[in-house]
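Listed below are the residues making up each chain.
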Amino acid sequence: MLQLLKPEEHEIDRADFVSPDQMFAAVLAFVRRQYPVFLIATLTTLALGAAYLMVVRSTYTAQATIIIDTRKLQPYSSQNSLFTEVPVDSPAVDSQLELIKSDNIARSVLRDLHLAQEPEFSRYGGGFVGNLLYYFYQLFEPGDESQDELERRALREFSTNLSAKRVGVTYVIEIAYRSALPGRAAQVANAVAEAYINDQLDAKYQSARRAGDWLSSRIQELKQQALSADRSIVDFKSKNNIVDAGGRSISEQQVAELNSQILAARTVTTDARARLDRIEQVMKSDVRDATVTDTLRSEVVSKLRSQYLEIANREADLSTRYGSSHLAAVNLRNQMREIAKSIAAELGRLAETYKSDYEIAKQREDEAQRALDAAVARSQIGGQAQVQLKELESNSQTYRSMYETFLQRYTESIQQQSFPITEARIISSAGRPSKRSSPKTILVLSISCAGGLMLGFGISLMRDLSDRVVRTSDQVERLLATDCLATLPVLPAPAIKPHDAPPSPHEMRADAGAFWAVVHSPFSRYAEGLRSIKSAIDLNSRVRTGRVVGLSSALPGEGKSTTAAGLALLSAQSGHKVILIDADLRNPSLTKLMAPNAAAGLVDLVTGQRSFEDVVLRESTTGLDFLPTVIHAPIAHTSEILASEGMRALIERLSSTYDYVVVDLSPLAPVIDVRSTGHFIPTYLLVLEWGKTNIDVLERALANARPVRENLLGVIMNKADTNLLKRYEGYGTSYYYDPKYSQPG
C-alpha cells in the first residue's frame, strides 16, 4: 500500500487485454462492494415470492390420454372408399389438438357437468385473486349479468385451465385440466376426452348422411347418361359401316405394317451411306495411315498393308545403317510406292461397291415410302368417322365408370351411417391428483431468488457507475498518478468536558482532538497509518533536518487539520523537534481547538508585530510547538500574506531550527491560498475524505493548483470506515490490519 518514492512517469503501460484472473478479481470486488444491495434485493423478491405463495390459490392437474389409431380397420370400407381415412400426419394431429380446445367441446362439457354457475368459472378462477377481480369488476359494472356473459366468462376460464399436447412424435394426445378441486380436475379431463370422441362420431355420421343424400340423386342421373352413350355408339357404327378387326380397322393395320417396313429401310440406307462416306474420306487421306474397319475386312488390303509395313521397316533399317541414298533403300522406297498405289486402287474398288449398296437401299426406302403414302391416303377417307367413334366410346366408358363408382360409394355411405367409427380412443383415464401442480414452491422461490439477484445486479451496477467518490488506494493511484500513503480510519472526536478550564493565552490545550489517538493509542491503525506517512516524508526528503510539509484537501471538512496535528504529534513523540503551523487563514480550526485563547499568531509574526517567542505555544507532554493563527477580523488578502517575503523567511528560519515543519493549509477548491505557498513549501500532502471526496472536484482542484500537483508527495485517505473498506479492498481488514500487530483506534 505504501510506495516510498513518487514515480516521475509511468514506465509500464497496462495492456488492453484483461486476463481471466483480472476479470475474476474485478467481478469479486464488485460483488464484495455491493453485496448488501444483492442481499436486500434477493430478500425482497423472496418475500414477494412467499407472499405470492400465500395469496394465490393451489390448483391440481388431472390428465387423460387418448390415441389416434391410424392402423384400425373399418369393417365396411374398401381401398377406394369415399370415407377411407387419410394417413394422419403432424398437421393433422395439431388440428385435433385445436379441436379438443375448441369452444364446441367446452360448451358440451360445461353443459353436461353443469359448471357454468360454479364460482371457479363465474368469478375469474375463484380464490382470493379471482374473487378480488370479480368484486372489482362489479364496482364498475354493477347489476345482473346476462346468461351470455356468464357463458363467455365460463368458456374463457375453461379454456385457460384446459391444455392438450402431443406426446413427442407419436399419435398420443394428453388432455390436462387444472382446477382448485382434485376431483373436479379428473372429472373435467375425462369429460373432455369423451366429448371429443362423441364429437368425432357425430361429425362422421353427419358427413356420411350428407354424402348419401347427394349420391342417391347423382346415381340416377349417371345411369341415364351411360345408357344414352351406349345407344349412340351402336347407331354411329351402323350408319358408317364400321367393322372392327380385333378392336382395330383394316386400314390402321396396313399403315402400322408399312410404317415398320420404312423404318427398317431407313436404317439400312443410313448404314450404307455411312460406309460410303467413310471410304471416301479414307481415299482422300494417306493410304498408309488408313486404319478403318472396312479395310481390315478386305484380304487384299490387309496383305498389301502388311507388305507395306514390312518393307517400310526394312527401308528404315537400311537408311539408318547405310544412309537414305543407298541403292537398296531407294529400291525399297520404290516398292513402297507401288504397294501404296495398289492399296489405293483396291480402296477405289471398295468405294464403288459401297456406292452401289447405298443406291439399292435408297431405292427400297423410296418404294416403302410410296406404299405408306398410298395407305395413309386410303385411311384418311374413314379417319373422321373413327375419331367420332372413339369420342363416343370414351364418353360411354366414362359415364359407365362414374355410375359404378358412385353406386359403390353410395352403398358404403349407408354402411357408415349404421356403423360410425372414430380413430380416437381413450387409453388412460384421468385419476384424482394427489399433489398440487401450481404454484410450485421451489420454482417460485427459485425465480424470486434469480429475479432478486438480477435486480440487485442492476441496482448495484447503477450505484457502482454513479459512485464518483474516492474509496480505494488503487483508485487514487490510477486517477491522480501518485501514491496513496495511508488510509486512516475514522475516529470519534473526544468531547471537551464542561468543567475543563480553557488554557491561558500562552498555553495549548491537550487532549483536545481526535489526533491525540497517536499518543493514547500508539498501536492503533490510525497511528500506524501516520507512521507510514512519516516514513514516506523521511525517505523522500533531500535533507535530513528541516523537512517542510504542507497539508491540504480538496474541500473543507475532509480532516486535513486533524491529520496535520496527528502527524506533528507522532513526529514530536518520537523525539524529533517539530512545529505545527496553522496556516489556514480563512478558517484556523487548529487554533480554535488547541489554543482558543491565543492572543497572537502567524499573521502577527509575519507582519512583524510580534516576536516568535510571543506567539509560539508548546505542548508539555510531547514537546510539540504550535504556531496558531489569530484572526481578529476577516482578512480578504490572505493569499498575499502567504506569498509574502516574510512568510518565506519564516519558513526558512523554522526549517533550520526544527526537524519537521508541518503546515496546515486551506482547502484547494474554495480559496487560492495554497497556490501562493509554492515558493516556500517543497512537499505537499493531499488529504481526501474516504467515500465523500468527489473525483471530478478533486481533479479540477488539482488542475488549478500547479505547485501542489508538481510537488505532491502522496495522498492520504482519511475517515475510512474499516467495516466498509473491506468491501472495496479485500486486504483492508485481513492481513493489513492484523490484530497481532495493531489495536483498534
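Scroll up for the structure.
K.L.:
Help me understand the sheet that holds strand E4 (residues 424-428), please; the structure alone is not making it clear to me.
P.N.:
Backbone-to-backbone hydrogen bonds join strands into a sheet, with any given pair of strands oriented parallel or antiparallel. Strand order across the open sheet formed by four strands is E2-E3-E1-E4, with antiparallel pairing between neighbours. Edge strands, defined here as strands with exactly one partner in the open sheet, are strand E2 (162-166) and E4. Here the strands of the sheet are splayed against their neighbours by 30° on average, with no regard to which way each runs. Pairing analysis gives eight bridges linking strand E1 (residues 60-68) to strand E3 (residues 172-179), with the strands arranged antiparallel. Residue pairing across strands places isoleucine 66 opposite isoleucine 173, the latter belonging to E3. Here helix H2 (residues 90-100) sits on the sheet in contact with E1, E2 and E3, set at roughly 170° to E2.

K.L.:
Would you mind showing me how to read the nonpolar core here?
P.N.:
Buried together is how nonpolar side chains tend to be arranged in soluble globular proteins. Counting 50 residues, the largest nonpolar core has Ile579, Ile581 and Leu602 as its most contacted members. Discounting residues that sit within four places of it in the chain, isoleucine 581 has contacts with Leu602, Leu627, Ile651, Leu654, Val661, Val662, Val663 and Asp664. Counting residues in hydrophobic clusters, the runner-up holds 42 residues, among them Ala486, Met508, Val662 and Leu685.

K.L.:
Looking at this model, I keep getting lost on the packing of aromatic side chains. Mind explaining?
P.N.:
Geometrically, a pair of aromatic rings is defined through the distance of the ring centres and the angle of the planes. Inspection of every chain in the model, using the stated rule, returns one aromatic pair. Aromatic side chains phenylalanine 158 and tyrosine 177 sit 5.3 Å apart centroid to centroid with 35° between the ring planes, which places their arrangement in the tilted category. A residue pair is termed long-range when its members are at least 10 positions apart, and phenylalanine 158 in helix H6 (residues 147-161) and tyrosine 177 in strand E3 qualify at 19 residues. Across this residue pair, the class does not change: phenylalanine 158 and tyrosine 177 are buried.

K.L.:
Help me understand the pairing of E3 in this model?
P.N.:
Walk down a regular strand and you will see the side chains alternate between the two sheet faces. When you tally the buried positions in E3, you get seven out of eight residues, the bulk of the element. Sheet analysis places E2 next to E3, joined by five bridges and oriented antiparallel. Each residue of the ladder has a partner; that of lysine 165, found in E3, is glutamate 174. In this structure, the hairpin formed by E2 and E3 is closed by a connection of five residues, where glycine 168 is found at a positive phi of approximately 60°.

K.L.:
Honestly, unusual backbone geometry in this entry has me stumped. Any pointers?
P.N.:
A negative phi holds for most residues other than glycine; trans holds for most peptide bonds. Here histidine 114, not a glycine, exhibits a phi torsion of approximately 55°, which is positive. If you trace the backbone, histidine 114 turns up in the loop between helix H3 (103-113) and helix H4 (119-122). Unlike most non-glycine residues, lysine 719 shows phi in positive territory, near 60°. For lysine 719, a relative accessible area of 30% translates into the label partly exposed.

K.L.:
What is the right way to read a nonpolar patch on the surface from this model?
P.N.:
Side chains of Met23, Val27, Val31 and Tyr35 sit close together on the surface and give an oily, nonpolar patch of about 360 Å² of accessible area. Its place among the elements puts valine 27 in helix H1 (residues 20-55). Given a relative accessible area of 45%, valine 27 falls into the partly exposed group.

K.L.:
For this particular structure, what's the right way to read the environment of glutamate 257?
P.N.:
With respect to the helices and strands, glutamate 257 occurs in helix H8 (residues 250-284). Separated by 115 residues in the primary sequence, glutamate 257 and leucine 372 place their C-alpha atoms 9.0 Å from one another.

K.L.:
I'm lost on the pattern of salt bridges in this one. Help?
P.N.:
Side-chain pairs of opposite charge can arise whenever the charged atoms involved come near each other. Following the criterion strictly, the structure yields 14 salt bridges and no others. Two residues, aspartate 538 and arginine 547, come together in a salt bridge whose shortest N-O distance is 3.6 Å. You can call arginine 547 buried: its relative accessible area is 6%. Across the pair arginine 648 and glutamate 645 runs a salt bridge whose closest N-O atoms are separated by 1.7 Å. With arginine 648 and glutamate 645 both in helix H22 (residues 645-657) and three residues apart, the pair spans about one turn of that helix. Under the relative-accessibility criterion, arginine 648 is labelled partly exposed at 23%. Residue glutamate 645 is classed as partly exposed on the basis of its relative accessible area of 48%.

Criteria and thresholds
Residues numbered from 1 in each chain as written. Predicted model: local features only at pLDDT ≥ 70, side-chain atom pairs only at ≥ 80, totals over all residues. Heavy atoms only, no water. Pairing = 2+ DSSP bridges. Helix = DSSP H or I, 4+ residues; strand = E, 2+ residues; numbered from the N terminus. Axes fitted to C-alpha atoms, helices over the stretch in contact; angles between N-to-C directions. Contact = heavy atoms within 4.5 Å. Core = buried A, V, L, I, M, F, W, Y, C linked by side-chain atoms within 4.5 Å. Buried < 20%, exposed > 50% of the residue type's maximum accessible area, 1.4 Å probe, protein only. Phe/Tyr/Trp six-rings, centres within 6.5 Å; stacked < 30°, edge-to-face > 60°. Patch = residues over 30% accessible without salt bridge, like charges linked within 9 Å, V, L, I, M, F, W, Y side chains within 5 Å. Areas by Shrake-Rupley, 256 points an atom, 1.4 Å probe, with all protein chains shown as cover. Salt bridge = Lys/Arg side-chain N within 4 Å of Asp/Glu carboxyl O.

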